[in-house]
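Residues per chain, in single letters:
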Amino acid sequence: MSVLFPKINKPREWDYRPIYFDEEKEARKDKRLARLRRGAFREEHEKNMTVMKQKRQSKLLIWFVLIGLLVFGIYLFL
């Protein structure tokens, strides 16, 4: 410790930031926590698989209709 310049600790500064309620942020946090509950990943996977199956079926139907129209058109013109 110095005799001429003694070390004096500074008092703590007041560091207060008010917390405001943000409804959108709370909704995002609740949504994220709801996804992390047990079994949520399995449910999401099953939902995605049913959507993909429906898309695949609709694409297959479109292809059958196009091929049918093509065969009908070839039959009609020949």
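An account of the accompanying structure is given in this report. (Residues numbered from 1 in each chain as written. Predicted model: local features only at pLDDT ≥ 70, side-chain atom pairs only at ≥ 80, totals over all residues. Heavy atoms only, no water.)

Let us look at the overall build of the chain. Within the chain, the secondary structure is distributed over two helices and zero strands. Here the C-alpha atoms of the chain give a radius of gyration of 34 Å, more than 25% beyond the 12 Å that 2.2 N^0.38 yields for 78 residues. Once the C-alpha set of the chain is aligned to its principal axes, its extents read approximately 115 × 30 × 25 Å. The buried share among the 78 residues of the chain stands at 3%. Here the chain displays about 9200 Å² of accessible surface, and carbon together with sulfur accounts for 62% of that area. Counting 18 positive and 10 negative side-chain charges, the chain places the centres of these two groups 8 Å from one another. (Helix = DSSP H or I, 4+ residues; strand = E, 2+ residues; numbered from the N terminus. Rg over C-alpha atoms; globule rule 2.2 N^0.38 Å. Buried < 20%, exposed > 50% of the residue type's maximum accessible area, 1.4 Å probe, protein only. Areas by Shrake-Rupley, 256 points an atom, 1.4 Å probe, with all protein chains shown as cover. Lys, Arg positive; Asp, Glu negative; His and termini not counted. Charge placed at Lys NZ, Arg CZ, Asp CG, Glu CD.)

This structure, assessed with the given rule, holds two salt bridges. Residues K47 and E44 are paired through a salt bridge, measuring 3.7 Å at the closest nitrogen-oxygen approach. Of this pair, K47 and E44 both sit in helix α2 (residues 40-77), separated by three residues, roughly a single helical turn. Overall, the relative accessible area of 37% leaves E44 in the partly exposed class. (Salt bridge = Lys/Arg side-chain N within 4 Å of Asp/Glu carboxyl O.)

Within the element layout of this structure, G73 appears in helix α2. For G73, a relative accessible area of 18% puts it in the buried group.

Looking now at a nonpolar patch on the surface. A contiguous nonpolar surface patch, about 830 Å² in accessible area, is contributed by L61, I62, W63, V65, L66, I67, L69 and V71. Positionally, I62 belongs in helix α2. Judged by relative accessible area, I62 falls into the exposed class, the value being 51%. (Patch = residues over 30% accessible without salt bridge, like charges linked within 9 Å, V, L, I, M, F, W, Y side chains within 5 Å.)

Before going further, it helps to examine a positive patch on the surface. Taken together, K25, R28, K31, R32 and R35 make up a surface patch of like positive charges. Structurally, R28 can be placed in helix α1 (residues 23-35). Given the relative accessible area of 52%, R28 is considered exposed.

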